[in-house]
Amino acid sequence: MDSTGPDAPRDQPPAPLQPNPYASSPPMGGPTLPFVTAPKTNTLAIVSFVSSFFLGLVAIITGHMALGQIRARGELGRGFALAGLIIGYIGTAVVAILVVFAIIFASAIGAVVVAVGSNSGSSDSSTSSPAPEATEPLPTGQLGAANFDDGYLQFGTGAVIVDEYIDPMCPFCAQFEEANGELLIAGVESGVITLRVHSLTFLDRLSQGTSYSSRASAALTCQATLNPESTLDYLSALFANQPLEATSGLSDAELVDLAPGNVSITECVETGEYLLWSQQNTAAALAGPIDGAEIQAVSGTPTVLVDGRQYLGSITDTAEFSAFVATAF
């Protein structure tokens, strides 16, 4: 068969390619880039900055955590974290300094209180119990070492007058007696001082209702009227056997047993002969005025005056107290 006949197949040019409607167009102007988002600000950095104005410790902790997260995640907020740390550290340091100063100030105030002779049971006229009303005449004049009119027990006749305000239950008074009791006795016996003991009773409230301060002060007065020469020894014995505050104290029988001397004070103590006088003296000392003294009234015990000048030194430093008394000669 003639392959060149009219019905013979002919070579055909290839059909043109048809566009694929589902094919995407080639990218224009370079490769396609993913979506780009700005890094976020670290939450803890903001917390650190805000809390630094109120809670320094929180700001410090969250600030350090924020810096770590920012480095790891590439987040923003480093400035907030640093500001929170700086302000937090400064605030914490200021608070610490204030606390230290507060402690120092409180310690200084406590030292001043002790120096002026106040103790844990001290009282003043605004908080002490009102003076008891006299139901019987108070003693007057002088008997033995007791000066009833002026309200003290007097020992010696020296030119320098030492007024000692104590309470039998006052622990600081016992410390003063231990350090300076023998010094005062020596001053009395050598004739250089006149010692006037004012035994107060405002710590009655710390003896479980037994009024120990009043009973011991009255017993001391009994001793001063009956055995004046051994009264200062009895005072030393009372402090050497001092009961603790908030206890019932010594009984009347125990107070009697401590008293040296030839005359028994049993009846005087048991009848409470000088209880009211002791309480009246306390009210007068706390209310004032105190004649010839640089202080208006007694605010705590022990309070010691030398020719009217108040001793403000250490109550347990014998040398310091001796030097203070010596300035009056």
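Report follows, based on the coordinates. Position numbers for residues start from 1 in each chain and track the written sequence from start to end. Selection of residues for local features in this predicted model requires a pLDDT of at least 70, selection of side-chain atom pairs for listing and counting requires 80 or more, and totals for whole chains, interfaces and linings are taken over all residues. Just so you know, side-chain values use all the structure's heavy atoms and leave hydrogens and water out.

1. Quick word on helix α5 (residues 212–226)
So, step 1. Under the scheme used here, helices are H or I runs from DSSP no shorter than 4 residues and strands are E runs no shorter than 2 residues, and both carry numbers assigned from the N terminus. Expected helix span is given by 1.5 Å per residue-to-residue step, counting one fewer step than there are residues. In this model, α5 (15 residues) spans 21 Å end to end at C-alpha, consistent with the 21 Å of a helix rising 1.5 Å per residue.
So, step 2. Counting buried residues along α5, 14 of its 15 residues qualify, which places the element largely inside the surrounding structure. Think of it in three bands: with a 1.4 Å probe and only protein chains considered, a residue is buried below 20% of the maximum accessible area for its type, exposed above 50%, and partly exposed in between.

2. Quick look at the pairing of strand β6 (residues 303–306)
So, step 1. Because side chains alternate across β6, one face comprises the buried residues T303 and L305, and the other comprises V304 and V306, equally buried.
So, step 2. A pair of strands is considered paired only if DSSP assigns at least 2 bridges between the two. Across four bridges, strand β4 (residues 160–166) lies against β6 in antiparallel orientation. In the sheet register, V162 faces β6, and the bridge partner there is V306.
So, step 3. Pairing of β6 with strand β7 (residues 309–310) involves two bridges; the strand directions are antiparallel. Along β7, the bridge assignment pairs L305 with Q310.
So, step 4. Where β6 hands over to β7, the hairpin turn is made up of two residues, of which D307 adopts a positive phi near 50°.

3. Considerations on the state of the cysteines
Linking two cysteines covalently via their sulfur atoms produces the bond known as a disulfide.
So, step 1. Put simply, a disulfide is two cysteine sulfurs that come within 2.5 Å. Per the stated rule, a full pass over the model turns up one disulfide.
So, step 2. Put simply, C222 and C268 are joined by a disulfide, and their sulfur atoms are 2.0 Å apart. With the S-S dihedral at roughly -80°, the linkage between C222 and C268 falls on the left-handed side. Placement of the pair is C222 in helix α5 and C268 in helix α8 (residues 266–270), with a sequence separation of 46 residues. Both residues of the pair, C222 and C268, belong to the buried class.

4. Observations regarding empty space enclosed by the protein
So, step 1. The method works on a 1 Å grid over the protein atoms by themselves. A cavity is a set of points holding a 1.4 Å probe that cannot get out, a pocket is an open set with protein on both sides within 12 Å along at least five of seven lines, and residues with an atom within 4 Å of a point line them. Grid points are joined across faces, edges and corners, and a volume is the space filled by probe spheres set on the points. One pass over the full model with this rule turns up three cavities of 30 Å³ or more.
So, step 2. Every residue along the wall of the largest cavity is listed here: G151, Y152, L153, V197, H198, S199, S217, T221, W277, S278 and N281.
So, step 3. Listing elements by their share of the lining of the largest cavity, those giving two or more residues are β3 (152–155), β5 (193–199), α5 and α9 (275–287).
So, step 4. Along the lines of polarity and charge, the residues of the lining of the largest cavity split into four nonpolar, seven polar and no charged. Polarity classes work like this: nonpolar for Ala, Val, Leu, Ile, Met, Phe, Trp, Tyr, Cys and Pro, charged for Asp, Glu, Lys and Arg, and polar for all others, with Gly in that last group.

5. Here's the deal with the nonpolar core
So, step 1. Grouped together as the largest cluster of nonpolar side chains are 57 residues, with contacts concentrated most on L195 and V197.
So, step 2. Top element by residues in this core is α5. It accounts for seven residues.
So, step 3. Excluding anything up to four places from it in sequence, L195 contacts L153, Q154, F155, V162, E164, L184, V188 and L232.
So, step 4. Within the second largest apolar cluster, seven residues are counted, among which are A66, L67, A81 and L85. Side-chain atoms within 4.5 Å link the members of a nonpolar core, which is a set of buried Ala, Val, Leu, Ile, Met, Phe, Trp, Tyr and Cys residues. Residues count as neighbours in contact if any of their non-hydrogen atoms are within 4.5 Å of one another.

6. Quick notes on the layout of surface pockets
So, step 1. As a volume, the largest pocket reaches approximately 420 Å³.
So, step 2. D150, Y165, H198, I290 and D291 are, among the 20 residues lining the largest pocket, the residues nearest its centre.
So, step 3. Elements supplying a minimum of two residues to the lining of the largest pocket: β4, β5 and α9.
So, step 4. By residue class, the composition of the lining of the largest pocket is ten nonpolar, five polar and five charged.

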